[in-house]
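Read off the chains here:
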Amino acid sequence: AMDQARAANMPKENVQRAVDRGIGKGGGASLESVFYEGYGPGKVALVVVAATDNKNSTTPEIRSTIEKSGRTYTTPRAVDWAFVDKGMITIEKNAPLSGVKKTYDEIFVFAVESGAEDVEDAGDAVEVYTKPTDVEKVKNALFDRGLTPKSVEIFKKPTTLVEIKDAETAKKVLALIEKIEDLDDVQKVYSNFDIPDNLLSS
């Protein structure tokens, strides 16, 4: 199923813009990281992470994008309870690392021995979850075993998933998240939706 762990990363031009502003190009002040929350279609929870030098313009922009879609923009901490901060290390399965191809089972054993809390099979890759404070330690331990992580990040993992049961709602959820991600200051959108794979393929 497609869930929030696959949340899209920040588009490249947004990264460049944020970097430019962060180092003072373009005359902007320094950036601060801001969280916004709301509910989307099907009552899925949304947490939006933005990097902005002007909350007065970013806040209304994100608020109106959510509300224009007929959804609910909430006060901070209103939906944050639905998520927990985790470290995530992604390792490609069967990648020829150190000349050895590793299966899910082998990566699972290494990850657990390295202090991971949870390990999930994600098709071509394996996602290793840790406490945010342990992500560096586990990454280094996996590296020592010859596993080179594809990506390492701290993210918000949903504590409960909301299953979307009809294609119409699924499309609305994905469209709203895409709209929010397209806003200049937005770095990431987290949500707790779970869309069954076969729902959008028909």
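None of the values given here were measured: they were computed from a predicted structure. The residue numbering used here restarts from 1 in each chain and proceeds along that chain's sequence as written. Confidence filtering applies because this is a predicted model: local features only for residues at pLDDT of at least 70, side-chain atom pairs given and counted only at 80 or more, and all residues used for totals across whole chains, interfaces and linings. With hydrogens and water set aside, each side-chain value is computed from the structure's full complement of heavy atoms.

Asker: An account of unusual backbone geometry is needed here, citing residue identities and associated values.
Answerer: Here the phi dihedral of Lys-43 falls at roughly 60°; this positive angle occurs in a residue that is not glycine. Only DSSP runs of H or I covering at least 4 residues are called helices, and only runs of E covering at least 2 are called strands; the numbering of each starts at the N terminus. Structurally, the position occupied by Lys-43 is in the loop between strand E2 (32-39) and strand E3 (45-52). Burial status follows relative accessibility: with a 1.4 Å probe on protein chains alone, a residue under 20% of its type maximum counts as buried, one over 50% as exposed, and anything between as partly exposed. In this structure Lys-43 comes out as exposed when scored by relative accessible area, which is 70%.

Asker: I'd love a proper account of the environment of Phe-155, names of residues and values included.
Answerer: Structurally, the position occupied by Phe-155 is in strand E10 (residues 151-158). What makes Phe-155 buried here is its relative accessible area of 3%. Note: C-alpha distance between Phe-155 and Gly-87 (68 residues apart in sequence) is 6.3 Å.

Asker: Go over the sheet that holds strand E4 (residues 72-74), please, and point to the residues and values.
Answerer: Only strands that DSSP links by at least two bridges are regarded as paired with each other. Taken together, 4 strands build an open sheet; the order of strands is E4-E2-E3-E12 and the sheet is antiparallel. Only two strands of the sheet have a single neighbouring strand rather than two, namely E4 and strand E12 (186-191). Averaged over all adjacent pairs, the angle separating strand axes in this sheet is 25°, with direction ignored. Relative to E3, E2 runs antiparallel, the two sharing 8 bridges. Paired with Phe-35 across the two strands is Val-49, which belongs to E3. Residue contacts are defined here by distance: any two heavy atoms, one from each residue, within 4.5 Å place the two residues in contact. Only the contacting stretch of a helix is used when fitting its axis, a line to C-alpha atoms as for every element, and angles between N-to-C directions run 0 to 180 degrees. Sitting on the sheet, helix H2 (residues 55-68) touches E2, E3, E4 and E12, and the angle it makes with E2 is about 20°. Sitting on the sheet, helix H5 (residues 167-181) touches E3 and E12, and the angle it makes with E12 is about 155°.

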